Amino acid sequence: MYGMGILRGLGIVFKHFVDSYLDDLRWLGNRYYNPEALKVRQGPKAQGIFTVQYPEERLPTPEEFRFIPFLIYEEKDGKKEYRCTSCGICAKVCPPQCIWIERSNDPKTGRPIPDPKNFYIDIDICMNCGFCAEFCPFDAIKMDHDFELASYDRISAHIFDKERLGKPVSYYASIRPTNYAREEKARAEEEAKKAAKAAAKPAAEKAATGAAARPAPAAKAAPAEKKDDAPKSE
Amino acid sequence: MALASAPSITELKLDREFPGEVTADTRKGYSGYIVKPEKLVEVATALRDRYGFNYLSSATAVDYLEQGQMEMVYHLYNIQAGGPALVLKAQTPRDNPVLPSLTPVFPGANFQEREAWDLYGIRFTGHPNLRRILMWEGFYGHPMRKDWKEAYYEEEGKPFETRWPGGQVYRAEERNPFGHNVKYPEGFTLEGWTEEAERAVYAALPTGGTGETVEGMKTDLITVNLGPQHPSTHGVFRVVVTLDGETIVKLEPVMGYLHRNHEKIGERNTFIQNIPFTDRLDYLSSMCNNFGYVLAVEKLMNIKPPERAEYIRVMMAELTRICNHVWAIGFLLNDLGAFFTPALYLIKERELILDVFEAVAGSRMMCNYMRFGGVARDVPDEQLAKIRELVHERLPRAIDEMEAYLTHNEIVKSRCIGVGVLSTEDAIAYSTAGPVLRASGVAYDVRKAEPYGIYDRFDFKCAVRYNGDIYDRYLVRVDEIRESLKILQQCLRDLPGGEIQTGKPQYQVRVPAGEAYGRVENPKGELGYYIISTGKANPYRYHIRAPSFINLTAFGKMCEGHKIADMVGILGSIDIVLGEVDR
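Residues numbered from 1 in each chain as written. Chains lettered and ligands numbered in written order. Predicted model: local features only at pLDDT ≥ 70, side-chain atom pairs only at ≥ 80, totals over all residues.

J.: Tell me what's going on with the overall build of chain A, and back it up with residues and numbers.
T.: Along the backbone of chain A there are 10 helices and seven strands. Taking all 234 residues of chain A together, the buried fraction comes to 25%. (Helix = DSSP H or I, 4+ residues; strand = E, 2+ residues; numbered from the N terminus. Buried ≥ 20, exposed ≤ 12 C-beta atoms within 10 Å, placed from the backbone.)

Written as structure tokens, this is what we have:
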């Protein structure tokens, strides 16, 4: 019969309409502002209204999410020690060429030293591809999760310098726990290998036991447990 | 299936078939044949009529600055039998480049030759409407030429020395203030300038009265502009139509409003730097764009990704296809007047897939996921579980619901059936691809015709419909979603463990000299990358055969004789993305 297709379609609209109320009932007033409900609402079993009440509610950011790089520093005796060695790989691989690195020279010899004097990223140009983080051999630059960067003035606020880019390693461990754990494990293994090599010479035995005794960080290293600078210090 | 048993073109020796007119291309790393320009039309006609190469997929120019040559490269396919491309090349001196137009033989060459004229300055004799297409009429110079320097030119290739080891910070506009970055012809004054662009657009359209009378009233042809700012054009796209009453007499698409010279940027980039740029072509299906590009470069590098990476690639490409098609269907319904209810029901499903992309690749749309010889990251187990749930339960149900909602709706049917018909012959002649081609009764799918990756291992059908109207384009998309789900289910069943990258990831790859054409079946049609490497860090030529762009060649043909209100639906059924059309 002519018109049945339209009626059937309207039936589906009606089903969606009813579903949105049913799902409200199912959560008994807890459907919004409730992380448990948000997970279901946004998962493969989602039913009813699909919107998120941003900014009061936020979608959880997955670990791999990438937005604007930051530089990792380690805190030692209140001083920031950047992992960056100003090797320039990030600047060379950057597709829109938004990274500038000012190298520093040793004041005595005048030769370049592996510590950037300054480090700039023009976030207007950055395309969030994540190549810099992917190819950095020192795990010194990583992609951030902070995407709320709107400002009133792009001229003064949108070229980030080393100070603005720097974030502690504990922050990195908190936003990317599994990546962090994997990298730390690899580094610990690397150290252990080095130490084992050194242990072949009897004089370096002490260093070897030190490395072996240090356990690899657990899969979900809490940011409070600061095991991060351990492999470097040995 | 006929497509599977493609005849080998290696047996076909064109230099023997056309002695003296065609010679094999013997440059190192190159293949195909070089045709004498004056014989080009003759050879192409013979190939079309006698050898079955009836589909001109891609036509593009290359500027060999050192040799003083311009070269047009044509990729021809046998659409019935499938199989690899027959590559024809025609050379012409750089200082006065003229070639015969292939548009009379293959109407699908129309826009591509206009593009070659626009960006390379090759004149095509016999072309019906040789105007600029991406730049505006009156633009000075041909921007893809090797000696052309763009407004913020820095160096021939990235990485730029000012960033490393230079290290000074500046903004492009500081160094080159507004107005100082444009090239003008010699003796140019702004006072004496008149705008050619608009006049040129209308010059191709018929004007005046038709002399027809409707109930005693004399009617005039009127010209109407739709766009560039028009919600139904899916972006900044403009359509100039000549109307007789409400009926379209002639339609002229005007594009280039989003042109950013993507190919020039690509030639300044190093090979790996192009991967995130390909995301920005058809930004609704970035995974598939990545796929085509890495395939082309892998051909040159002669590497293969490990098994697991192959499966992951196919999985991501098929998820992207579903995303793209539900989007296309949703917005087709928007164009037909069903304001956003169907679109949002479908976007909800797409959103769940994008969540997977975000967790795996790091970004919902700009995935930047594939690498030469692998993929960037492994798929975590919890995401695999999610994909499994989507593919086996949620998405099939959603598609069933969508079909129940739309397919038999009388309004949809009356707006779609018999509207925008493209015959089989026209679909092939106009080089359309993807759902547009398959809705016109041509069972041609690159995944079947010339399987790339591991597509030959999966059991799926090439969706095909035979009426060539909006309704069939819609149905083909629905069929394709179902086939994609089938592929995904097989993928998830067979997904092996192991490595995801061949060799160590490198930030600068060595690509041997030569040419390669990598093509994939993008959701919108055949996406091809024509890449020439000279062994340096940057590609010498980086061309994209953009399916949306070439599908638009047939747009005028589809609309002729229809009402202007149907034009919006027809455009929606082609499914264009302006990021790819304008590049």
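From this point, the discussion proceeds with the structure in view.
J.: An account of the overall build of chain B is needed here, citing residue identities and associated values.
T.: A count of helices and strands for chain B gives 21 helices and 18 strands. Here the C-alpha atoms of chain B give a radius of gyration of 24 Å, agreeing with the 25 Å that 2.2 N^0.38 yields for 583 residues. Taken along the three principal axes of its C-alpha coordinates, chain B extends 70 × 65 × 60 Å. Counting all 583 residues of chain B, 50% fall into the buried class. (Rg over C-alpha atoms; globule rule 2.2 N^0.38 Å.)

J.: Would you mind going over the packing of helix 12 (residues 381–406) of chain B against helix 17 (residues 470–494) of chain B in detail, with residue names and values included?
T.: Residues and elements named next belong to chain B. It is at 10 Å that the axes of helix 12 and helix 17 come closest, and there the two elements cross at 165°. For the element pair helix 12 / helix 17, the angle class is roughly antiparallel. When you trace helix 12 past helix 17, the crossing you get is left-handed. Facing Ile387, Arg388, Val391, His392, Leu395, Pro396, Ile399 and Glu403 of helix 12, the residues of helix 17 in contact are Val478, Ile481, Arg482, Leu485, Leu488, Gln489 and Leu492. Classifying every residue of the contact of helix 12 with helix 17 by side-chain character gives 10 nonpolar, two polar and three charged. (Axes fitted to C-alpha atoms, helices over the stretch in contact; angles between N-to-C directions. Parallel < 35°, antiparallel > 145°, perpendicular 65-115°, else oblique. Left-handed = near helix turned anticlockwise from the far one by under 90°. Contact = placed C-beta atoms within 7 Å. Nonpolar A, V, L, I, M, F, W, Y, C, P; charged D, E, K, R; others polar.)

J.: Provide a residue-level description of the environment of Arg350(B), including the pertinent values.
T.: Residue and element names in this part refer to chain B. You can see Arg350 is positioned in helix 11 (residues 341–361). A sequence separation of 329 residues divides Arg350 from Glu21, and the C-alpha atoms of the two residues are 52 Å apart. Filtering out sequence-adjacent residues up to four positions away, Arg350 remains in contact with Cys323, Val326 and Trp327.

J.: Could you give me a rundown of the sheet that holds strand 6 (residues 159–160) of chain A, with the residues and numbers involved?
T.: Residues and elements named next belong to chain A. On the basis of which strands lie adjacent, the open sheet formed by three strands has the order 3-4-6 and antiparallel pairing. Two strands close off the open sheet at either side, each with one partner strand: strand 3 (99–105) and strand 6. Bridge count between strand 3 and strand 4 (residues 112–122): seven bridges; the pairing is antiparallel. Considered in strand 4, the bridge of Trp100 is made with Tyr120. (Pairing = 2+ DSSP bridges.)

J.: Just give me the short version of the pairing of strand 4 (residues 69–77) of chain B, but keep the residues and values in it.
T.: Side chains on a regular strand alternate between the two faces of the sheet. Residues and elements named next belong to chain B. Of all the nine residues making up strand 4, eight are buried; the element is thus mostly covered by neighbouring parts of the structure. Sheet topology note: the strand 3 (residues 55–64)/strand 4 ladder contains nine bridges and is antiparallel. Each bridged residue has a counterpart across the sheet, and for Ser58 the counterpart in strand 4 is His75.

J.: Lay out the pairing of strand 13 (residues 247–254) of chain B in plain terms, naming residues and giving numbers.
T.: Residues and elements named next belong to chain B. Summarising the sheet, strand 12 (residues 238–244) and strand 13 pair through seven bridges and their orientation is antiparallel. The residue of strand 13 that forms the bridge with Val239 is Pro253. The turn joining strand 12 and strand 13, which pair antiparallel and follow one another in sequence, is formed by two residues; a positive phi near 70° is taken by Gly245.

J.: Any chance you could break down helix 8 (residues 177–200) of chain A for me, citing the residues and the numbers?
T.: Taking 1.5 Å per residue, 24 residues should reach 34 Å; helix 8 of chain A reaches 34 Å between its end C-alpha atoms and fits that length. Buried within helix 8 of chain A we find Tyr180(A), Glu184(A), Ala188(A), Glu191(A) and Ala195(A). (Expected span 1.5 Å × (residues − 1).)

J.: Report on the packing of helix 17 of chain B against helix 20 (residues 564–574) of chain B, specifying residues and quantitative values.
T.: Residue and element names in this part refer to chain B. Their axes nearest at 9 Å, the elements helix 17 and helix 20 cross at an angle of 25°. Taken together, the axes of helix 17 and helix 20 are roughly parallel relative to one another. For the crossing formed where helix 17 meets helix 20, the hand is left-handed. In this structure, helix 17 contributes Ile470, Arg473 and Tyr474 to the contact, and helix 20 contributes Gly569, Ile570 and Ser573. Of the residues in the contact of helix 17 with helix 20, the class split is three nonpolar, two polar and one charged.

J.: Tell me about helix 20 of chain B, and please be specific about residues and values.
T.: All names here are of chain B. By the criterion of burial, helix 20 is predominantly enclosed, with nine of the 11 residues buried. Regarding helix 20, the residues found buried are Asp566, Met567, Val568, Gly569, Ile570, Leu571, Gly572, Ser573 and Ile574. The first or second residue beyond helix 20 is Asp575, which carries a positive phi of 65°.

J.: Which residues make up the interface of chain A and chain B, and what values go with them?
T.: When the parts come together, some accessible area is lost, and that loss is often what is quoted as the size of the interface. Between chain A and chain B, the residue contacts involve 35 residues of the former and 41 residues of the latter. Looking at the side of chain A that touches chain B, the elements that each hand over two or more residues are helix 1 (4–27), helix 3 (89–93), strand 3 and helix 4 (131–135) of chain A. A per-class count over the side of chain A that touches chain B returns 20 nonpolar, eight polar and seven charged.

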